[in-house]
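# Architecture and fold: a report
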Amino acid sequence: MDAAPVLLLDQLDSTNAEARRRAEAGEAGPLWITARRQTQGRGRRGRDWASQDGNLFATLLHVVNKSPAEAAQITFIAALAVADLLDRYAPPSLVTIKWPNDVMLAGAKASGILVESGAHASGGLWLAVGIGVNLAHAPQDTERPATALVDHLAVGVSAPPTIEVAARQLAEAFAVWLHRWDTLGFQPILDAWAARTPGLDGPAVARLGHETVEGRAEGVAADGALKLRLADGSLRLISAGDVFFGEAA
């Protein structure tokens, strides 16, 4: 499968916002929208996403004929594509994924993913798969430690990729995983994702907005939801939220 074309703009409020505008105007993509600078970058739960020059801000506009629950699986594809990108420049042993889609370098967050969707005029579902990757700078004063690729380069790698190169390589990696999803279904995606995701079989705390629950992670369900065994023995399926793994969670 060929990678979707990449559109690079100098400045946007948000690449996800631009994808939404284009989708609501009838565009179907696939198209990667990237920007050298964002003025109103967003993360999950409406949080600001620090948009420092030299980092990658990209959103894939893509229309699928899937249910919203199935379409949400694309967040796992996004995480795998980012991990493949980082593997090119950092020691692969440092690259991991934290459930569900934070990509980590040496245990600190190097990337964030935000997927938004809506009904498309064509009858399908438009997806805006937003991806931020800290290539050159890491934000300060974050809840959990953040890092940038520039601080973890492999031997023989002198610098992180430019925005242009990183966007193209991300698009290529994403296309590979998207093709596997379309042809083989979600299980191969989930297997590859789980192989990169530590902490799925140990202590975990999940912050769900209105409550905080803790227990022991017991892997993931077939749809990617985290299985959390609570102290009373009941099993809770966590589909979204902030989850912290390990004894220090």
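This text gives an overview of the structure that appears in the document. Note that the coordinates shown come from a computational prediction; the quantities given were computed from them, not determined experimentally. (Residues numbered from 1 in each chain as written. Predicted model: local features only at pLDDT ≥ 70, side-chain atom pairs only at ≥ 80, totals over all residues. Heavy atoms only, no water.)

With that settled, the discussion passes to helix α1 (residues 15-24). Given 3.6 residues per turn, any residue in an α-helix points the same way as the ones three and four places further on. Counting buried positions along α1 yields seven of ten residues, so the element is predominantly enclosed. All buried positions along α1 are accounted for by Thr15, Asn16, Ala17, Glu18, Ala19, Arg22 and Ala23. Put simply, Ser14 is the residue that caps the front of α1, since its side-chain oxygen is 3.2 Å from the backbone nitrogen of Asn16. Positive phi appears at Gly26, one or two residues downstream of α1, with a value of about 110°. (Buried < 20%, exposed > 50% of the residue type's maximum accessible area, 1.4 Å probe, protein only. Helix = DSSP H or I, 4+ residues; strand = E, 2+ residues; numbered from the N terminus. Polar contact = N/O pair within 3.5 Å; in protein donor to acceptor, adjacent residues only side chain to side chain.)

Attention shifts here to unusual backbone geometry. Put simply, Gly29 and Pro30 share a cis peptide bond, and its omega is 5°. If you trace the backbone, Pro30 turns up in the loop between α1 and β2 (31-38). Backbone torsion omega between Trp99 and Pro100 reads -5°, so that peptide bond is classified as cis. We note that Ala106 has phi near 55°; this positive angle belongs to a residue other than glycine. Structurally, the position occupied by Ala106 is in the loop between β5 (102-105) and β6 (108-119).

Moving on, we get to the sheet that holds β6. Strand order across the open sheet formed by seven strands is β1-β2-β3-β7-β6-β5-β4, with mixed pairing between neighbours. Two strands bound the open sheet, and with one partner strand each, they are β1 (6-12) and β4 (95-98). Each neighbouring strand pair of the sheet contributes to a mean axis angle of 20°, computed without reference to strand direction. Judged from the three bridges that link them, β5 and β6 form a sheet pairing that is antiparallel. Considered in β6, the bridge of Val103 is made with Ser111. In this fold helix α4 (residues 163-184) packs onto β1, β2, β3 (56-64) and β7 (125-133), with an angle of close to 30° to the strand it touches most, β3. (Pairing = 2+ DSSP bridges. Axes fitted to C-alpha atoms, helices over the stretch in contact; angles between N-to-C directions. Contact = heavy atoms within 4.5 Å.)

Another aspect to go through is α4. The end-to-end C-alpha distance of α4, which contains 22 residues, comes to 31 Å, matching closely the 32 Å that a straight helix rising 1.5 Å per residue would cover. Every buried residue belonging to α4 is among Ile163, Ala166, Ala167, Gln169, Leu170, Ala171, Ala173, Phe174, Ala175, Trp177, Leu178 and Trp181, and all of these are buried. (Expected span 1.5 Å × (residues − 1).)

A few words now on the nonpolar core. Leu56, Ile131, Phe174 and Trp193 are the most contacted members of the largest nonpolar core, which totals 61 residues. Ranked by the residues each element gives to this core, the list is headed by helix α3 (residues 74-87), at eleven residues. With sequence-adjacent residues up to four places away left out, Leu56 is seen in contact with Leu85, Ile131, Gly132, Val133, Leu135, Ile163, Ala166, Ala167 and Leu170. (Core = buried A, V, L, I, M, F, W, Y, C linked by side-chain atoms within 4.5 Å.)

Turning to the packing of aromatic side chains, a few remarks are in order. Inspection of every chain in the model, using the stated rule, returns three aromatic pairs. Between Trp32 and Phe174, the ring centres sit 5.3 Å apart and the planes meet at 80°, which makes this aromatic pair edge-to-face. With a gap of 142 residues between them, Trp32 in strand β2 and Phe174 in helix α4 connect regions that are remote in the sequence. For the pair shown, Trp32 and Phe174 are each scored as buried. (Phe/Tyr/Trp six-rings, centres within 6.5 Å; stacked < 30°, edge-to-face > 60°.)

Space left empty within the atom packing is revealed by a probe, the size of a water molecule, rolled over the atoms. Its boundaries defined by the atoms lining it, the second largest pocket holds a volume of some 580 Å³. Around the second largest pocket, the lining is made up of 26 residues, and of these Ala72, Thr75, Asn101, Ser239 and Ala240 lie nearest the centre. A per-class count over the lining of the second largest pocket returns 14 nonpolar, seven polar and five charged. (1 Å grid on protein atoms, 1.4 Å probe; cavity = no way out; pocket = protein on both sides within 12 Å on 5 of 7 lines; lining within 4 Å. Points joined across faces, edges and corners; volume = space filled by probe spheres on them. Nonpolar A, V, L, I, M, F, W, Y, C, P; charged D, E, K, R; others polar.)

Contact pair α3 / helix α5 (residues 187-195): the axes reach a minimum separation of 10 Å and the direction vectors enclose 50°. Taken together, the axis directions place α3 and α5 in an arrangement best described as oblique. Crossing of α3 against α5: the hand is left-handed. Between α3 and α5, the contacting residues are Phe76, Ile77, Ala79 and Leu80 on the first element and Ile189, Leu190, Ala192 and Trp193 on the second. The class makeup of the residues in the contact of α3 with α5 is eight nonpolar, no polar and no charged. (Parallel < 35°, antiparallel > 145°, perpendicular 65-115°, else oblique. Left-handed = near helix turned anticlockwise from the far one by under 90°.)

For the rest of this paragraph, the subject is the packing of α4 against α5. In the contact formed by α4 and α5, the axes pass within 8 Å of each other and the chain directions differ by 135°. With respect to α5, the element α4 is oriented oblique. For the pair formed by α4 and α5, the contact residues are Trp177, Arg180, Trp181 and Leu184 on the first element and Pro188, Ile189 and Ala192 on the second. Looking at the contact of α4 with α5 residue by residue, the class counts come to six nonpolar, no polar and one charged.

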